[in-house]
Amino acid sequence: MSEPEDVRDRLRRLRGRAEDLEKAASQASDPAERRRLRDEAQRLESRSAQVSGMASGDIYPLE
């Protein structure tokens, strides 16, 4: 697998996991668990945006 394919695969996994967490959060009955799941999903989405930016040659990480 080439480096661009590795990055695309990693992004796909990060985004898929974030979607799974959002779905689980929407179905969670406990407010604390819902918040925890949404926070984790947001961290993964931020991470995927950072990986995507770095893969495109952007030298400044997103924060």
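Residues numbered from 1 in each chain as written. Predicted model: local features only at pLDDT ≥ 70, side-chain atom pairs only at ≥ 80, totals over all residues. Heavy atoms only, no water.

Q: What should I look at first to understand the overall build of the chain in this one?
A: On a plain count of helices and strands, the chain comes out with two helices and zero strands. Of all 63 residues assigned to the chain, the portion counted as buried reaches 19%. If you sum the accessible surface of the chain, you get close to 4,900 Å²; carbon and sulfur atoms cover 47% of it. (Helix = DSSP H or I, 4+ residues; strand = E, 2+ residues; numbered from the N terminus. Buried < 20%, exposed > 50% of the residue type's maximum accessible area, 1.4 Å probe, protein only. Areas by Shrake-Rupley, 256 points an atom, 1.4 Å probe, with all protein chains shown as cover.)

Q: Explain helix H2 (residues 31–55) to me, please; I cannot follow it from the model alone.
A: Note: α-helices contain 3.6 residues per turn, so residues at a spacing of three or four share the same orientation. Between the first and last C-alpha of H2 there are 36 Å, a value that for 25 residues agrees with the 36 Å anticipated at 1.5 Å per step. Of all the residues in H2, the buried ones are Leu37, Ala41, Leu44, Ser48, Val51 and Gly53. (Expected span 1.5 Å × (residues − 1).)

Q: Looking at this model, I keep getting lost on the nonpolar core. Mind explaining?
A: Across soluble globular proteins, nonpolar side chains have a tendency to be buried as a group. Among the nonpolar cores identified, the biggest contains 10 residues, and these are Leu11, Leu14, Ala18, Leu21, Ala25, Ala28, Leu37, Ala41, Leu44 and Val51. Secondary structure elements with two or more residues in this core: helix H1 (3–27) and H2. If one sorts the elements of this core by residue count, H1 sits on top with five residues. Residues within four places of Leu14 in sequence aside, it is in contact with Leu44, Arg47, Ser48 and Val51. (Core = buried A, V, L, I, M, F, W, Y, C linked by side-chain atoms within 4.5 Å. Contact = heavy atoms within 4.5 Å.)

Q: What is the right way to read the environment of Asp20 from this model?
A: Mapped onto the fold, Asp20 is located in helix H1. On the basis of relative accessible area, Asp20 is assigned to the partly exposed category, the value being 48%. Expressed as a C-alpha distance, the spacing of Asp20 and Leu37, which sit 17 residues apart in the sequence, is 9.4 Å.

Q: What exactly am I supposed to notice about the pattern of salt bridges here?
A: Any two side chains of opposite charge can pair, so long as their charged atoms come close to each other. For the structure shown, the criterion picks out six salt bridges. For the salt bridge of Arg36 with Glu33, the shortest nitrogen-to-oxygen distance reads 2.8 Å. Remark: Glu33 and Arg36 occur in helix H2; sequence separation between them is three residues, near one turn of the helix. Accessibility expressed as a relative area gives 44% for Arg36, which makes it partly exposed. (Salt bridge = Lys/Arg side-chain N within 4 Å of Asp/Glu carboxyl O.)

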